[in-house]
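# Breakdown of the fold
These are the residues of each chain, in order.
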Amino acid sequence: MKRFLIIPAVILSAGISAQSAEEILDRVDRNMSSDNRIFESTMIIHGTRTSRTITSRSYSVGDTKAFPEYLAPTREQGTKMLKLEDQLWIYSPSTDRTIQISGHMLRQSVMGSDLSYEDMMEDRELTDVYDASVTGSEEIDGSTCHLLELRAKVTDVAYATRKMWIDSERYIPLKEELYAKSGQLLKRSTLSNVIRVDGRWFPATIVYKDMLKQGEGTEFRITSIKFNQQIPDYIFTKAALKQ
């Protein structure tokens, strides 16, 4: 069980060097963002009665292009998505149709998980989207974390406010809460199994929980990840969806 311990301000000032919220977020971006990446993952969707497991391979370039392809189970195999800037298409092999997801449909769940299409599309650097302030420090599973509050500085963002617990040594979020403009808590995530890849820290396991729906959340496990790879341009085309 995760333990959260609030550290008194006196101890905090003695134990952690002063850093601005912008500096902390910048270091998080350097770990979490990249020119491009290829990764394979397993998504375990824990429902109220049963769980489902979906495996996929994803290609992405910056925050403008992404191409996830579902590999298993058989029912989902061959389903593909294409993100180009702020547009998203999905190809279903069972119907041999490609449809565009837009507007309110972006808020719908992906494969019944706790993630929405909006969540999957949002890959911008935090410093581009939010203003941040340091509000304190807490300990999570033995790691001292900076506690940051982020407020959106752009309008085209799914969450107006976020709270992040940032590991003060590795600069990786270990916990996050996502809020609506009204202040309602919408989603919570915990990040763990932090690994070292190409000189950066990266969480290999993320558990997402949609606070407005039942179920035990969705566990996202990265089984393989490579940064700064040569990805052919043709992958990010609508023609590639049917290949």
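Residues numbered from 1 in each chain as written. Predicted model: local features only at pLDDT ≥ 70, side-chain atom pairs only at ≥ 80, totals over all residues. Heavy atoms only, no water.

## Describing the overall build of the protein chain
In terms of helices and strands, the protein chain carries five helices and 14 strands. Over its C-alpha atoms the protein chain spans a radius of gyration of 18 Å, differing by no more than 12% from the 18 Å that the globule rule assigns to 243 residues. In terms of overall dimensions, the protein chain has C-alpha extents of about 60 × 40 × 35 Å along its principal axes. Across the 243 residues that make up the protein chain, the buried fraction comes to 45%. (Helix = DSSP H or I, 4+ residues; strand = E, 2+ residues; numbered from the N terminus. Rg over C-alpha atoms; globule rule 2.2 N^0.38 Å. Buried < 20%, exposed > 50% of the residue type's maximum accessible area, 1.4 Å probe, protein only.)

## A closer look at helix α2 (residues 21–32)
For α2, spanning 12 residues, the distance from its first C-alpha to its last is 16 Å, which sits close to the expected 16 Å at 1.5 Å a residue. If you check which residues of α2 are buried, you get Ala-21, Ile-24, Leu-25, Val-28, Asp-29 and Asn-31. Axial view of α2: buried residues confined to an arc of 160°, hence all on one face. (Expected span 1.5 Å × (residues − 1). Arc of directions from axis to C-beta.)

## Details of the side chain of Ser-41
As for its position among the elements, Ser-41 is in strand β2 (residues 36–46). A residue is classified by how much of its surface remains accessible, and Ser-41, at 3% relative accessible area, is buried. Other than its neighbours up to four places away in sequence, Ser-41 contacts Ile-54, Thr-55, Ser-56, Phe-220, Arg-221, Ile-222 and Thr-223. (Contact = heavy atoms within 4.5 Å.)

Don't take any of this as a statement about function, it's just geometry.
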